[in-house]
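Coordinate analysis (summary)
Now for the letters of each chain:
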Amino acid sequence: MPAKSMDELVSLCKRRGFIFQSGEIYGGVQGLYDYGPLGVELKNNLKAAWWRAMVYDRDDVEGLDAAILTHRLALKYSGHEATFSDPMVDCRACKARWRADHLEGKCLACGSTDLTDPRPFNLMFRTNVGPVDDGASFAYLRPETAQAIFTNFRHVVDATSRRPPFGIAQIGKAFRNEITPRNFIFRVREFEQMELEFFVEPGTDEDWHKFWVDARVAWWRDQGIPEDRLELLYVPADELAHYSKATVDIMYRFPHGLEELEGVANRTDFDLGSHSKGQDELGLTARVETNRDSNTRLAVQDTDSKQWVVPFVIEPSAGVDRGVLAVLNEAYRVEELDNGSSRTVLALPRHLAPIKVAVLPLKRNHDGIVETARRIKQDLQRLGLGRILYEHTGNIGKGYRRHDEVGTPICVTVDFETLEGDQTVTVRDRDSMSQQRVPLADLTRFVRDYFAEQG
Ligand code: GAP
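Quantities reported herein were computed from a predicted structural model and do not represent experimental measurements.

The rules behind the values
Residues numbered from 1 in each chain as written. Predicted model: local features only at pLDDT ≥ 70, side-chain atom pairs only at ≥ 80, totals over all residues. Heavy atoms only, no water. Salt bridge = Lys/Arg side-chain N within 4 Å of Asp/Glu carboxyl O. Buried < 20%, exposed > 50% of the residue type's maximum accessible area, 1.4 Å probe, protein only. Near = heavy atom within 4 Å. Polar contact = N/O pair within 3.5 Å; in protein donor to acceptor, adjacent residues only side chain to side chain. Areas by Shrake-Rupley, 256 points an atom, 1.4 Å probe, with all protein chains shown as cover. Helix = DSSP H or I, 4+ residues; strand = E, 2+ residues; numbered from the N terminus. Nonpolar A, V, L, I, M, F, W, Y, C, P; charged D, E, K, R; others polar. Pairing = 2+ DSSP bridges. Axes fitted to C-alpha atoms, helices over the stretch in contact; angles between N-to-C directions. Contact = heavy atoms within 4.5 Å. Core = buried A, V, L, I, M, F, W, Y, C linked by side-chain atoms within 4.5 Å. Domains from an automatic or database assignment. Expected span 1.5 Å × (residues − 1). pLDDT = per-residue confidence, 0-100. Buried area = accessible area lost by both parts, 1.4 Å probe.

In the structure shown here, the tally under the stated rule is 37 salt bridges. Here aspartate 101 and arginine 99 are joined by a salt bridge, their closest N and O atoms 2.9 Å apart. For arginine 99, a relative accessible area of 12% corresponds to the buried category. Two residues, glutamate 335 and arginine 343, come together in a salt bridge whose shortest N-O distance is 3.0 Å. Look at arginine 343 and you get buried, because its relative accessible area is 2%. Among the charged side chains, a network of salt bridges with common partners joins Glu335, Arg343, Arg401, Asp404 and Arg428.

If you want it as structure tokens, here you go:
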């Protein structure tokens, strides 16, 4: 059973150090969140899982990490300057501003129906680059990571000799001045995206589109979100983004309702074509072969026919923050125990857990136990699984409960038996709550095998 409400998740996230409202000590900033000690681990683990699946497990994808501040012209020719807007209305009574499609004819703050007509509000943040603020030297904070993949297309192709089908993957921050950020980290103004632009031959695009929708649903399943918790939405033609021929939204049942987790778009040759046109209009032809017309600046040459072809692009674009929210929601459960009490558990897949193993000494003032526990922590840390935590809580039962709540898959307890008896430690499993004694000499192998079992 996932969380019953967003409040349950928000409260867990704050209490246990996953996610905090940004600038809270000064009253907070709407639509901005900070990831705390456990949140940063979970988020990094989710991004690492994406990178493994999209780059390392494939042989046809290259990575990129481009600048966030983006050349104004890149976002002019991408179409974002002209079209990346949401319809905004003002309430004449209380002056609140809303996204028109989030309202049903009345102001959500005061209930007034005295609203202005909707008008477009561009969502891109602008900033000034360099010391001169003459109105012309501005750059945008990128609203999607994708554009830098298109503007670096030529460089990556030249450097790697790739030919379609191949992809360029990127994970990074994106910024949108959302009119009404809401639902915790679901709709925020600063977020992260995991985007793949997969370049294919025109005519093969529809098959690749289907391939990527299936591949992405399978990936979410591996992150603990089963297929029956997702729905595919084939976006109607009149709601498609300006660059898209077809988009399938992968929808997840968040605590506030069924909403988009990831979009998989067929962007056709729109972006490479637009940037080619931009280069042409601006006379930026110096680096371009003379036998190519203006539509094929960002193209690849077919090795057989020698024709220049502008690839089509299939784009699976997932939000990291929405991913974290979905993963947390799916893993959250409150279990009734036989003794009448209950426990909160985050049943996260092992590879996503912020802390992999907690090593707990039974006595915090016993030199031998403490020393052995610290040595175990160091040995396990060297396995490279992620964070191993040594923690002297004093109360082992409470320690187990706390680690259940943050999703730690196993706790290792060091006691007198470890030192003086049969040289074993207690290994306690989060999900079954079962405990077993494992010989100290076998512990490293046991932990390595345990994490190898599930990805
Ligand atoms: N490059 C394509 C693109 O940006 P999008 O559907 O606008 O498409 C892709 O965004 C993903 O980014 C969404 O599916 C969502 O997960 C995430 N996303 C978009 N806006 C967001 C916001 N304001 N807050 C959090 N995540 C957001």
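Taken together, 20 residues form the shell around the ligand, and within it Glu144, Arg176, Glu178, Glu195 and Glu260 come nearest. At 3.3 Å from a nitrogen atom of the ligand is found a main-chain nitrogen or oxygen belonging to phenylalanine 186. Between glycine 319 and the ligand, the recorded distance is 3.0 Å, taken from a backbone N or O atom to an oxygen atom. Contact with the protein chains hides 91% of the accessible area of the ligand, taken as 550 Å² for the molecule alone. Broken down by secondary-structure element, the contributors of at least two residues to the shell around the ligand are strand 11 (190-200), strand 14 (257-268) and strand 17 (312-319). Among the elements that take part in the shell around the ligand, strand 14 stands out by supplying five residues, more than any other. Along the lines of polarity and charge, the residues of the shell around the ligand split into six nonpolar, four polar and ten charged.

Our next topic: the sheet that holds strand 14. Strand-to-strand pairing in sheets goes through backbone hydrogen bonds, with the strands running parallel or antiparallel. With mixed pairing, the seven strands of this open sheet are ordered in space as 3-10-11-17-14-13-12. Strands at the two margins of the open sheet, each flanked by one partner only, are strand 3 (61-64) and strand 12 (230-234). Taken pair by pair, the neighbouring strands of this sheet meet at an average axis angle of 25°, ignoring direction. Across five bridges, strand 12 lies against strand 13 (residues 246-254) in antiparallel orientation. Paired with leucine 233 across the bridge in strand 13 is aspartate 249. Along the sheet, helix 6 (residues 153-160) contacts strand 3, strand 10 (166-175) and strand 11; its crossing angle with strand 10, the most-contacted strand, is approximately 140°.

This paragraph deals with the sheet that holds strand 9 (residues 138-141). The strand order across the open sheet formed by three strands is 4-9-8, and the pairing between neighbours is antiparallel. A strand with exactly one partner marks an edge of an open sheet, and here the two such strands are strand 4 (69-70) and strand 8 (126-128). In the sheet, strand 4 pairs with strand 9 via two bridges, with the strands oriented antiparallel. Each bridged residue has a counterpart across the sheet, and for threonine 70 the counterpart in strand 9 is tyrosine 140.

A few words on the nonpolar core. In this structure, Phe18 and Val324 are the most contacted members of the largest nonpolar core, which totals 56 residues. Each of two domains, domain 1 (6-68 + 142-269 + 311-328) and domain 3 (353-452), supplies a minimum of three residues to this core. Excluding residues that lie within four positions of it along the chain, valine 324 makes contacts with Ile19, Tyr35, Leu42, Lys43, Leu46 and Ile185. Residues Leu380, Val414, Val447 and Tyr450 belong to the second largest nonpolar core, which totals 19 residues.

With that out of the way, let us pick up helix 8 (residues 270-281). Compared with an ideal rise of 1.5 Å per residue, which puts twelve residues at 16 Å, helix 8 spans 16 Å between its outermost C-alpha atoms and is within 8% of the ideal. Within the span of helix 8, buried status applies to Asp271, Leu272, Ser274, His275, Ser276 and Gly278. Residues of helix 8 that are buried sit in contact with helix 3 (72-77), helix 5 (146-151), helix 6, strand 11 and strand 14.

The predicted model of the protein has a mean per-residue pLDDT of 94, with 97% of residues at 70 or higher. For the stretch residues 286-291, pLDDT sits under 50, and the model shows five contacts to residues farther than four places along the chain or on other chains.

Bringing the domain arrangement of the protein into the picture now. Split into domains, the protein comes out as domain 1 (6-68 + 142-269 + 311-328), domain 2 (85-122) and domain 3 (353-452). For domain 1 versus domain 2, the distance between C-alpha centres works out to 28 Å. Listed as interface residues are six residues of domain 1 and, on the opposing side, nine residues of domain 2. Broken down residue by residue, the surface that domain 1 buries against domain 2 is led by Ile179, Thr180 and Arg182, which jointly contribute 74%. For glutamate 178, the salt bridge is made with arginine 99, and the minimal N-O distance between the two is 3.9 Å. Where domain 1 packs against domain 2, one counts two residue pairs in polar contact (both at pLDDT 80 or more). Across the side of domain 1 that touches domain 2, the residue classes tally to one nonpolar, two polar and three charged.

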